[in-house]
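Architecture and fold: a report
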Amino acid sequence: MITNREEVLENALRVFARMNYEKASQTEIAKACGLSKAGLIYYYPFKSDLFVAVADKYVFGMQSAANKFHISASSLREFIEQYVSGVRQTMERMLALLDDGNNPAGCSINFYYYHLLMQVRLYYPDVEKKISAIFSQDYELWTSAIADAKEKGEIRQDVDVDEAACMFRQMFMGLSFEQSFLGGLDTDVLAGRLRYIYSLLTY
């Protein structure tokens, strides 16, 4: 019998990732948790509260730049490697949580996470501000690293810092989304694509 909120959140995460919010009933979630509906309500009286708690922990918490990246790079080249490492480690943690061996649709586990993100966009209160903050954190990491590389002469002086940050960031987002429909994000491919963009910025 599950007796703590952490396990409730983990099991609810898997339900919300595979089912639409409307279909993920408290009864369904309770069953996944090994609880009665009354037992689930003890922890989270309303499904909306549970959904918000799941999103806070596994979307906004895990995607926070402070939790996802530990950057100590002295160059843009090093930054790229550390960025990919942060992506890889975060993805591995999330896949370990989501992959319970139950995958009747045969989707990549990454796809289920994107499905969760779509649910968060639809049903999390005042979500646009929180998503914007997450995106802004990531762009700020890139713009800071690129501006520093430009100042040090690592990259060309005619590089537009904001445009370059968009190229790096949107390569990651686009590749992640595209590959989620297949086998999931290949971080080695991601690293190669980011290195190629870097090569376009150097002398």
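The sections below set out a description of the structure shown in this document. (Residues numbered from 1 in each chain as written. Predicted model: local features only at pLDDT ≥ 70, side-chain atom pairs only at ≥ 80, totals over all residues. Heavy atoms only, no water.)

Looking at the overall build of the chain
- Scanning the chain from N- to C-terminus turns up 10 helices and zero strands.
- Along the chain, helices (α) and strands (β) appear in the sequence α-α-α-α-α-α-α-α-α-α when read from the amino end.
- The principal-axis extents of the C-alpha atoms in the chain amount to approximately 65 × 30 × 25 Å.
- In the chain, which comprises 203 residues, the proportion classed as buried is 43%.
- Excluding contacts between residues fewer than 6 apart, the proportion of contacts in the chain whose partners are at least 24 apart in sequence is 67%.
- Only carbon and sulfur atoms are counted for the fraction: they give 54% of the accessible area of the chain, which is about 10500 Å².
- Here the chain carries 21 positive and 26 negative side-chain charges, and the mean point of each set is 5 Å from the other. (Helix = DSSP H or I, 4+ residues; strand = E, 2+ residues; numbered from the N terminus. Buried < 20%, exposed > 50% of the residue type's maximum accessible area, 1.4 Å probe, protein only. Contact = heavy atoms within 4.5 Å. Areas by Shrake-Rupley, 256 points an atom, 1.4 Å probe, with all protein chains shown as cover. Lys, Arg positive; Asp, Glu negative; His and termini not counted. Charge placed at Lys NZ, Arg CZ, Asp CG, Glu CD.)

Some points on the packing of aromatic side chains
- One pass over the structure, following the stated rule, counts 15 aromatic pairs.
- Note on F69 and Y83: the rings are 4.5 Å apart at their centroids and 15° apart in plane angle, and the pair reads as stacked. Placement of F69 in the loop between α5 (65-68) and α6 (76-98) and of Y83 in helix α6 is noted, with a sequence separation of 14 residues between them.
- Classification of Y83 by relative accessible area gives buried; the value is 0%.
- Taken together, F69, F79, Y83, W142, F168 and F172 form an aromatic cluster joined through their ring pairs.
- The ring of Y112 carries the charged tip of R18 above its face, separated from the ring centre by 4.5 Å.
- Taking the ring centre of Y21 as reference, the NZ or CZ of K47 above it sits at 4.2 Å. (Phe/Tyr/Trp six-rings, centres within 6.5 Å; stacked < 30°, edge-to-face > 60°. Lys NZ or Arg CZ within 6 Å of the ring centre and 35° of its normal.)

Some thoughts on the side chain of Q26
- As for its position among the elements, Q26 is in helix α2 (residues 26-33).
- With a relative accessible area of 17%, Q26 lands in the buried category.
- Here P45 takes part through its backbone oxygen, which lies 3.2 Å from a polar atom of the side chain of Q26.
- For Q26, the contacting residues outside a window of four places in its chain are K37, L40, I41, Y44, P45, F46 and K47. (Polar contact = N/O pair within 3.5 Å; in protein donor to acceptor, adjacent residues only side chain to side chain.)

Re the environment of E22
- Structurally, the position occupied by E22 is in the loop between α1 (5-18) and α2.
- E22 has contacts with K47 and Y123, leaving out every residue within four places of it along the chain.

Thoughts on helix α10 (residues 187-201)
- Taking 1.5 Å of rise per residue, the 15 residues of α10 would be expected to cover 21 Å, and the 21 Å separating its terminal C-alpha atoms lies within 8% of that figure.
- Regarding α10, the residues found buried are T187, L190, A191, L194, I197, Y198 and L201. The arc that holds the buried residues of α10, viewed along the axis, is 125°, so those residues lie on one side. The exposed residues of α10 that point more than 90 degrees off its buried face are D188 and Y196.
- Of the surrounding secondary structure, the elements contacted by the buried residues of α10 are α6, α8 (127-152) and α9 (161-180).
- The N-cap of α10, judged by a side-chain oxygen 2.9 Å from the amide nitrogen of D188 a few residues on, is D186. (Expected span 1.5 Å × (residues − 1). Arc of directions from axis to C-beta.)

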